[in-house]
Amino acid sequence: MNFNNKTILITGGGGFIGTSIARNLVAKGLKVRLFDLDFTNHTLFFNKQGNFPEVEKVRGSILDSNALCNAVSGCDYVVHLAAMLGVKKTELKRVRCLDINILGTINVLEACLKEKVEKILFTSSSEIYGETDGTPIKEDFPQNPVSIYAITKLAGEEYIKAYAKRYGLKYSIIRLFNVYGPAQVAEFVIPRFVKRVLNNKSPIIYGDGSQIRAFCFIEDAVKGISAALLNSNSNNQIFNIGNNKEPILMKNLANKIIEIAGKKLEPEFIPMSKSDRDSSREIKRRIPCIDKASNLLNYQPQISLEQGVRIIMQAGEIPESWVESL
Ligand SMILES: NC(=O)c1ccc[n+]([C@@H]2O[C@H](COP(=O)([O-])OP(=O)(O)OC[C@H]3O[C@@H](n4cnc5c(N)ncnc54)[C@H](O)[C@@H]3O)[C@@H](O)[C@H]2O)c1
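Residues numbered from 1 in each chain as written. Predicted model: local features only at pLDDT ≥ 70, side-chain atom pairs only at ≥ 80, totals over all residues. Heavy atoms only, no water.

(A) Representation of the sheet that holds strand β12 (residues 248–249) within the structure. Strand order in the open sheet formed by three strands is β12-β9-β14, and the pairing between neighbours is mixed. Strands at the two margins of the open sheet, each flanked by one partner only, are β12 and β14 (285–286). Summarising the sheet, strand β9 (residues 212–213) and β12 pair through two bridges and their orientation is antiparallel. Bridge pairing in β12 links isoleucine 212 to leucine 249. (Pairing = 2+ DSSP bridges. Helix = DSSP H or I, 4+ residues; strand = E, 2+ residues; numbered from the N terminus.)

Put into structure tokens, the structure is as follows:
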């Protein structure tokens, strides 16, 4: 399909996932505009002068309706990623989280209507499922959010579906499962473990390390997101995007990272009560079922956990071949 005439606005486009999606869409020949509060945190694709030459950058907040409408003006699609996330931040700043993630999403929807946008893609989260009766988790599993962040994501989904029904705006909703990659902030578990291990420090595990997660490398997640935006099979659908191939216990993840780095370290366990996490919001098992994305979008994650961790360990020297592959 030829998308050369399409223009896409990415809210949160200066972030970890946003910059990688921008790279992917630019490579497909689309015109991309980024909207974010800040463009200094994720500079992987920026040149030495601090620019990402192929994209237009607009600084602003999704809480500022005028700035948002100006940025959305002339765009065919909106990829809405801007959000407050991270366990610590969203639990400490609960009202602010609600403002940015719910009110901000409504502002984005209103801007889409005003500027006659064709389609919106919204990144929701596996957190909306809460603890499930079984795994792998399918899109039609019951939703039991236990955190403010998860509630805001579920509310965002509902607003998008309601606007689509009422005003005919097309959408795709993506529920992301534990995306990791180079330049992700060290609050997230893989970069946190890698950083400590490379500094010859033990990775710290909260609780007994029996939590299970399935991690998805950024390059795979971006391909799924991009397909969900551009593939016509994706309209008005919800997809899990993650990597179901290597579910792993947190304590085994720590040992695997130690082994890949070739260090002689042991993980350190600290009680959940002494961590920045609340055990009542900690989900035990989280593994996605990605059959729907694989059937409708031909989505197949490729990068193994070991490959992904090795790419992160080369931080600062990201291979050109990897950037090209996005
Ligand atoms: N990384 C994951 O594993 C994961 C999992 C589930 C869902 N998600 C969702 O994917 C999206 C992108 O996540 P990410 O990992 O790239 O996070 P990120 O923090 O790197 O990116 C979010 C971006 O949003 C911007 N932002 C925050 N508030 C804003 C505002 N008021 N106005 C404009 N921009 C604002 C931030 O500056 C940041 O650049 C988020 O919606 C997140 O909830 C991510």
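(B) Focus on the environment of aspartate 291. Mapped onto the secondary structure, aspartate 291 falls in helix α9 (residues 291–297). A residue is classified by how much of its surface remains accessible, and aspartate 291, at 43% relative accessible area, is partly exposed. Sequence separation between aspartate 291 and isoleucine 241 is 50 residues; the distance between their C-alpha atoms is 9.7 Å. (Buried < 20%, exposed > 50% of the residue type's maximum accessible area, 1.4 Å probe, protein only.)

(C) Looking closely at the side chain of glutamate 139. Examined against the element boundaries, glutamate 139 turns out to sit in the loop between β5 (119–125) and α5 (148–167). There is a polar contact of 2.8 Å between the side chain of glutamate 139 and the backbone nitrogen of asparagine 240. (Polar contact = N/O pair within 3.5 Å; in protein donor to acceptor, adjacent residues only side chain to side chain.)

(D) Region of the structure containing the packing of helix α6 (residues 189–198) against helix α10 (residues 305–313). Relative to each other, α6 and α10 sit at 60 degrees, their axes nearing to 11 Å. With respect to α10, the axis of α6 lies oblique. For the pair α6 and α10, the crossing hand works out as right-handed. Of α10, the residues touching α6 (which contributes Ile190, Val194 and Leu198) are Leu305, Val309, Ile312 and Met313. Looking at the contact of α6 with α10 residue by residue, the class counts come to seven nonpolar, no polar and no charged. (Axes fitted to C-alpha atoms, helices over the stretch in contact; angles between N-to-C directions. Parallel < 35°, antiparallel > 145°, perpendicular 65-115°, else oblique. Left-handed = near helix turned anticlockwise from the far one by under 90°. Contact = heavy atoms within 4.5 Å. Nonpolar A, V, L, I, M, F, W, Y, C, P; charged D, E, K, R; others polar.)

(E) Summary view of α5. Here α5 is 20 residues long and its end C-alpha atoms lie 28 Å apart, about the 28 Å a rise of 1.5 Å per residue gives. Residues of α5 that are buried: Tyr149, Ala150, Thr152, Lys153, Leu154, Ala155, Gly156, Glu157, Ile160, Tyr163 and Ala164. Those residues of α5 hidden inside the fold are in contact with α3 (87–92), α4 (94–114), β5, β6 (170–176) and β11 (237–241). Positioned one or two residues after α5, glycine 168 has a phi angle of 80 degrees, which is positive. (Expected span 1.5 Å × (residues − 1).)

(F) How the structure looks around the site of the ligand. Phe16, Ile17, Asp36, Leu81 and Tyr149 are the nearest of the 24 residues found near the ligand. The separation between an oxygen atom of the ligand and a polar side-chain atom of tyrosine 149 is 2.5 Å. In isolation the ligand has 820 Å² of accessible area, and contact with the protein removes 89% of it. Sorting elements by how many residues they give to the shell around the ligand places β5 first, with three residues. Here the shell around the ligand is composed, by residue class, of twelve nonpolar, ten polar and two charged. (Near = heavy atom within 4 Å. Areas by Shrake-Rupley, 256 points an atom, 1.4 Å probe, with all protein chains shown as cover.)

(G) Spotlight on the pattern of salt bridges. Here the structure, examined in full by the defined rule, presents seven salt bridges. The salt bridge partner of glutamate 158 is lysine 161, with a shortest N-O separation of 3.2 Å. With a gap of three residues between them, glutamate 158 and lysine 161 both fall in helix α5, about one helical turn apart. Where glutamate 219 meets lysine 223, a salt bridge forms, and the shortest distance between an N and an O atom there is 3.4 Å. Taken together, the residues span about one helical turn, with glutamate 219 and lysine 223 both in helix α7 (residues 218–230) at a distance of four residues. Overall, the relative accessible area of 6% leaves glutamate 219 in the buried class. (Salt bridge = Lys/Arg side-chain N within 4 Å of Asp/Glu carboxyl O.)

(H) Examining the nonpolar core more closely. Core analysis: the biggest nonpolar cluster contains 60 residues, and Ile10, Ile190 and Leu253 have the highest contact counts within it. Here this core gets eight residues from one element, more than from any other, and that element is α7. What isoleucine 190 contacts, discounting residues up to four positions off in sequence, is Tyr180, Phe215, Leu253, Ile257, Leu305, Val309 and Ile312. Counting 31 residues, the second largest nonpolar core, distinct from the first, contains Ala82, Cys112, Ile160 and Leu169. (Core = buried A, V, L, I, M, F, W, Y, C linked by side-chain atoms within 4.5 Å.)

(I) The pairing of strand β2 (residues 31–36), seen in detail. Burial of β2 is extensive: five of the six residues sit out of reach of the surface. With helix α1 (residues 16–27) bridging strand β1 (residues 7–11) and its parallel neighbour β2, the resulting β-α-β unit is right-handed. Bridge analysis of β2 against strand β3 (residues 56–59) gives four bridges, and the strand direction is parallel. Opposite phenylalanine 35, over in β3, you have valine 58 as the bridge partner. (Right-handed = clockwise from strand over helix to strand, strands pointing away.)

(J) Representation of the environment of lysine 93 in the model. Structurally, lysine 93 is set in the loop between α3 and α4. Along the sequence, lysine 93 and isoleucine 148 sit 55 residues apart, while their C-alpha atoms lie 9.5 Å from each other.

(K) Representation of the state of the cysteines in the model. Here the structure, examined in full by the defined rule, presents zero disulfides. Left unpaired, cysteine 69 is separated from the closest cysteine sulfur, that of cysteine 112, by 9.1 Å. (Disulfide = S-S within 2.5 Å.)

(L) Structural context of the packing of aromatic side chains. Taken as a whole and assessed by the stated rule, the structure comprises four aromatic pairs. A ring pair is formed by tyrosine 129 and phenylalanine 177, whose centres lie 6.1 Å apart and whose planes are at 35 degrees; its orientation type is tilted. Of this pair, tyrosine 129 sits in the loop between β5 and α5 while phenylalanine 177 sits in the loop between β6 and β7 (179–180), placing them 48 residues apart in sequence. The same class applies to tyrosine 129 and to phenylalanine 177, which are both buried. Aromatic pair tyrosine 163 and tyrosine 167: ring centres 5.4 Å apart, planes at 55 degrees, arrangement tilted. Of this pair, tyrosine 163 and tyrosine 167 both sit in helix α5, four residues apart, roughly one helical turn. (Phe/Tyr/Trp six-rings, centres within 6.5 Å; stacked < 30°, edge-to-face > 60°.)

In short, the description is geometric, and any link to function would need to be established separately.
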